Amino acid sequence: MTLLRDHDLARAFDHAAHTYDRLTALNPGYRTDLLRSARRLRLPRDGAGLHLLDLGCGTGASTEALVRAAPRARITAVDASPGMLRHALAKPWPARVRFRHLTAEEAATTAGEPYDAVFAAYLFRNVTDPDGVLATVRSLLRPEGRLAVHEYSLSGSGIHRALWTAVCHGLIIPAGTLAGDRALYRHLWRSVLDFDTAPEFAARLAGAGFTDVRTAPVAGWQTGIVHTFLARNGAAAPHPEGAR
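Below, the structure is looked at part by part.

### Observations concerning the packing of aromatic side chains
Then comes step 1: Inspection of the entire model under this criterion finds 8 aromatic pairs.
Then comes step 2: Summarising the aromatic geometry, the rings of Phe-13 and Tyr-20 are spaced 6.2 Å apart at their centres and angled 70° between planes, so their arrangement reads as edge-to-face.
Then comes step 3: Members of the aromatic cluster, joined through ring pairs, are Tyr-30, Tyr-122, Tyr-152 and Trp-164.
Then comes step 4: Directly above the aromatic system of Phe-210 lies the positively charged group of Arg-138, at a separation of 6.0 Å from the ring centroid.
Then comes step 5: Residue placement shows Arg-190 over the ring face of Trp-189; its charged tip is 5.5 Å from the ring centre.

This is the structure:
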């Protein structure tokens, strides 16, 4: 199958936004795993004085994880799907949280001061140019700023690949089909199979100039299927063309 990309993917997320939270709630540990990944940033002083970016925030589950992990930080959350953002904005948020309708690539053109940390959940396998987005992230982070990527990235084991396919065809795709979003959830299945394995994505981070790259698995049935990738911004990164 052809993966959904760019505007087609954003439209698919728009259409699925009204059922997205209910479907993710079927995944045991979904929010707990996001919170664990956000806490793995190990932000000091509950985030006091820090400005964080939630890149690809969706309906706000990852934003909620950041709020809980760093309750005193300022948080800017961005997403390419206006439908997902509408559902995020309908939820109660502290005044220090703001949402913006931007793609990951556009985030660099509107940034002011560098961010102290970036959290990106379920983003990188959905972008057309992951290396370009990593360059954008480096341009957005202050030197030594922290990055946490929470992503479906298989271990490389055939067992985990087979388990992922079984779960998708037995639960995820049928549930998405009932909700009227079969194409999006077939994209989810296929995008994970086609994306980097965990060792490959860790190598991609290092190749993009990030340092102290570490990989940590999540718990439960998703062990070997979802990982947290942690890294720091290395030497000063060149800004992509058009960045400020």
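So much for the structure itself; the text now carries on.
### Things to note about the sheet that holds strand β1 (residues 51-55)
Then comes step 1: Reading across the sheet, the 7 strands line up as β3-β2-β1-β4-β5-β7-β6 and stay open at both edges, with mixed pairing between neighbours. Every other strand in the sheet has two partners, leaving β3 (97-101) and β6 (210-217) as the edge strands with one partner each. Direction aside, neighbouring strands of the sheet carry axes that sit 15° apart on average.
Then comes step 2: As defined by bridge partners, strand β4 (residues 115-121) adjoins strand β5 (residues 141-152) across 6 bridges and the pair is classed as parallel. Looking across to β5, one finds that Phe-119 is bridged to Ala-148.
Then comes step 3: Each of β5, β6 and β7 (226-233) is contacted by helix α8 (residues 198-207), which is oriented at about 160° to β6, the strand it contacts most.

Cut-offs and rules
Residues numbered from 1 in each chain as written. Predicted model: local features only at pLDDT ≥ 70, side-chain atom pairs only at ≥ 80, totals over all residues. Heavy atoms only, no water. Phe/Tyr/Trp six-rings, centres within 6.5 Å; stacked < 30°, edge-to-face > 60°. Lys NZ or Arg CZ within 6 Å of the ring centre and 35° of its normal. Pairing = 2+ DSSP bridges. Helix = DSSP H or I, 4+ residues; strand = E, 2+ residues; numbered from the N terminus. Axes fitted to C-alpha atoms, helices over the stretch in contact; angles between N-to-C directions. Contact = heavy atoms within 4.5 Å.

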